[in-house]
Amino acid sequence: MAKEKTEKTIQASEEQKLYAKILNIGMIIGLVMVIMSFIVYMLGILPSFVPPQDIPKYWSMASKDFIHMLDAPTGWAWLSFVNKGDYLNFVGIALLAGLTILCYAAIVPILMRKKDTPYIIIAIMEVAVLVLAASGILKSGGH
Amino acid sequence: MTMGKQLTKFLLVAAVFLILFAVVGDVLASAEPSAAPQEVFEKESSIPWWAWSLILLASTFILGILAVLGGVGGGVLFVPLIGGFFPFHIDFVRGAGLIVALAGALAAGPGLLKRNLASLRLALPVALIASAAAIGGAMIGLALPAYLVNILLGSTILGIVVIMATAKKSDFPVVPKADNLSQALGIMGIYTEQSMGKDIDWKIHRTLPGLILFIVIGVMAGMFGLGAGWANVPVLNLLMGAPLKISVATSKFLLSITDTSAAWIYLNSGAVLPMIVVPSVVGIMLGSIVGVKILARTKPKAIKWLVIGLLAFAGLRALLKGLGIWT
């Protein structure tokens, strides 16, 4: 009985395994998207908001000056520029940055089934924190 | 000469090249990060744009190798070195640093979780505190002027050098009794220590002071765009009493959550440039893969001191840059 209990606890928990699975799939998709979109940007397959050859003119300025000078999008406004090679890269980056929210949301039902109240609260609060960060409400600089 | 010595020699040469790349690039880049926007707009770098991507890729590849061998995250090397010697503004470097650290953590996370080395029960409460604090850190960091960020970054990096050089680690810290909070949260576990062929039971104590320290760690991670493994591991291991392997693995996984919240603030604030982010992520990840292979054949202790030396140099550079002594 004791051995059986040990074997159970030595294994990663159900929610931990699910979290790992989603993280793994999402990470691969995100990285492939980032690399593919960067190739599209570098080869000029799509028009760019800032062409690669012009980027050195801007990369030494503060982000708020960059936004101000080019009227570049902040928050989620980049979504309306995904037809531009440079902002296409943001799709993969946003997927990588959003993956954790998905993972947390996926384990909440398991935690609820286990009636693991403290962790249900922690997971829901974490989703709220990350959604707030992702929302674009909290940003520095910009217009 | 043994293979290990040859590899150590190669890495020393690679590190020297890395510094040379960076210093030469710094001299050749005519655009000064501290210059006014219009002034910058009118200046052109003497290096073609595509060459910067290749230099960045090569530099981050070496950084990726050194980070694995030195036992540090890529972000802590990336931000001071790339920020100190490349012509990019510190805003974009910090944005890229967070995504570099995030990508590394996301890549390592699934394996660590599946093998039960990273503990979700330990990570979740800590991550909630650290990720909320990292949002505040990112907002403060982006609001500060570049010179002040460099002064604070340089001071922090030099502090990290002291921690790395002096902090002791404990494979299996003694935890006489789990505290009430960790018991209430059920933070404990068992993992197989393969080097000993033994199952190790672990529990933690001093949970509340540990969680409070993660507020500071989160703020610093967000403010400077650093992965915070250098701080996570000592707190989890020495203060809270988690075994070293559990601390290192949980810390790595933790970065995928802490850095996510800060990365969103940088992304939403327009402080992310794909031209800097993508070569850096690819370079660090390829370097990490090579680094893991080299790790088996070389003496990590020699490399650890090389990394500490590099960090000291980069920290000093950031500090002097911020103070206007070495611009």
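### Digging into the overall build of chain B
For chain B, the count of helices and strands is 13 helices and two strands. Across the 327 residues in chain B, those meeting the buried criterion constitute 58%. When contacts within chain B are restricted to residue pairs at least 6 apart in sequence, those whose partners lie at least 24 apart make up 83%.

### Concerning the overall build of chain A
Helices and strands together make up the secondary structure of chain A, namely five helices and zero strands. Taken against the 2.2 N^0.38 rule, which gives 15 Å for 143 residues, the C-alpha radius of gyration of chain A at 20 Å runs more than 25% over that of a compact globule. Its C-alpha atoms give chain A principal-axis dimensions of about 70 × 30 × 25 Å. Within chain A, contacts between residues at least 6 apart in sequence are counted, and of these 72% link residues at least 24 apart.

### Focus: the interface of chain B and chain A
Facing 66 residues of chain B, the contacting portion of chain A comprises 60 residues. For the side of chain B that touches chain A, the elements supplying multiple residues, two or more each, are α2 (37–42), α3 (49–70), α5 (90–114), α6 (120–143), α8 (180–185), β1 (188–193), α11 (244–268) and α12 (274–295) of chain B. A class-by-class count of the residues in the side of chain B that touches chain A yields 48 nonpolar, 13 polar and five charged.

### Quick look at unusual backbone geometry
For Lys115 of chain A, which is not a glycine, the phi torsion comes out positive at approximately 55 degrees. Looking at the element boundaries, Lys115 of chain A is found in the loop between α4 (85–113) and α5 (117–135). With phi around 65 degrees, Asn116 of chain B is a residue other than glycine that occupies positive phi space. Within the secondary structure, Asn116 of chain B sits in the loop between α5 and α6. Taking the C-beta count within 10 Å as the criterion, Asn116 of chain B has 22 such neighbours and is therefore assigned buried.

### Some remarks on the pairing of β1 of chain B
Residues and elements named next belong to chain B. By the bridge criterion, six bridges tie β1 to strand β2 (residues 198–203) in an arrangement that is antiparallel. Counterpart to Thr192 in the pairing with β2 is Asp199. In this antiparallel pair of consecutive strands, β1 and β2, the connection spans four residues, and Gly197 shows a positive phi of 60 degrees.

### Focus: the environment of Gly210 of chain B
Residues and elements named next belong to chain B. Assignment of secondary structure puts Gly210 in helix α9 (residues 207–224). Residue Gly210 is classed as buried on the basis of its C-beta count, with 23 C-beta atoms lying within 10 Å. When sequence neighbours within four positions are dropped, the list of residues in contact with Gly210 reads Val235, Leu239 and Met240.

### Details of the packing of α5 of chain B against α12 of chain B
Residues and elements named next belong to chain B. The geometry of α5 relative to α12 is characterised by a closest axis approach of 9 Å and an angle of 40 degrees between their N-to-C directions. Accordingly, the angle class assigned to the pair α5 and α12 is oblique. The two elements α5 and α12 meet at a crossing, and its hand is right-handed. Residues Phe92, Ala96, Ile99, Val100, Ala103, Gly104 and Ala107 of α5 form the contact with α12, whose participating residues are Ile276, Val277, Ser280, Val281, Ile284, Met285 and Ser288. Residues belonging to the contact of α5 with α12 are distributed by class as follows: eleven nonpolar, three polar and no charged.

### Comments concerning helix α3 (residues 63–70) of chain A
Listed as buried for α3 of chain A are Ser63, Lys64, Asp65 and Phe66 of chain A. Backbone geometry just downstream of α3 of chain A places Asp71 of chain A in the positive-phi region, at approximately 55 degrees.

### Describing the environment of Arg121 of chain B
Turning to its location among the elements, Arg121 of chain B is positioned in helix α6. If sequence neighbours within four positions are ignored, Arg121 of chain B has contacts with Leu185, Gly186 and Ile187 of chain B.

### Concerning the confidence of the model for chain B
Detail in the predicted coordinates should be disregarded across regions flagged by low pLDDT. All names here are of chain B. With 85% of its residues at a pLDDT of at least 70, chain B reaches an overall mean of 86. Of the regions scoring below 50 in pLDDT, residues 30–42 engages in 28 contacts with residues more than four places distant in sequence or in other chains. Complex prediction metrics read pTM 0.87 and ipTM 0.91.

### Quick word on the confidence of the model for chain A
Residues with a pLDDT of 70 or more make up 90% of chain A, whose mean pLDDT is 90. Across chain A, the secondary-structure element scoring lowest on mean pLDDT is helix α1 (residues 2–10) of chain A, at 48, and the one scoring highest is α5 of chain A, at 97.

### Some points on the environment of Val79 of chain B
All names here are of chain B. Mapped onto the elements, Val79 comes out in helix α4 (residues 74–85). Since 28 C-beta atoms lie within 10 Å of it, Val79 is described here as buried. Along the backbone, Val79 and Trp202 are 123 residues apart, and their C-alpha atoms lie at a distance of 34 Å. Excluding residues within four positions of it along the chain, Val79 makes contact with Val93, Arg94, Gly97, Leu153, Phe224, Gly225 and Leu226.

### Description of the packing of α6 of chain B against α11 of chain B
Residues and elements named next belong to chain B. Running from amino to carboxyl end, α6 crosses α11 at an angle of 30 degrees, the nearest separation of the two axes being 8 Å. Relative to α11, α6 is oriented roughly parallel. When you trace α6 past α11, the crossing you get is right-handed. Between α6 and α11, the contacting residues are Leu122, Ala123, Val126, Ala127, Ala130, Ser131, Ala134, Ile135, Gly137, Ala138 and Met139 on the first element and Thr250, Phe253, Leu254, Ile257, Thr258, Thr260, Ser261, Ala262, Ile265 and Tyr266 on the second. Looking at the contact of α6 with α11, its residues break down into 15 nonpolar, six polar and no charged.

Thresholds applied
Residues numbered from 1 in each chain as written. Chains lettered and ligands numbered in written order. Predicted model: local features only at pLDDT ≥ 70, side-chain atom pairs only at ≥ 80, totals over all residues. Helix = DSSP H or I, 4+ residues; strand = E, 2+ residues; numbered from the N terminus. Buried ≥ 20, exposed ≤ 12 C-beta atoms within 10 Å, placed from the backbone. Contact = placed C-beta atoms within 7 Å. Rg over C-alpha atoms; globule rule 2.2 N^0.38 Å. Nonpolar A, V, L, I, M, F, W, Y, C, P; charged D, E, K, R; others polar. Pairing = 2+ DSSP bridges. Axes fitted to C-alpha atoms, helices over the stretch in contact; angles between N-to-C directions. Parallel < 35°, antiparallel > 145°, perpendicular 65-115°, else oblique. Left-handed = near helix turned anticlockwise from the far one by under 90°. pLDDT = per-residue confidence, 0-100.

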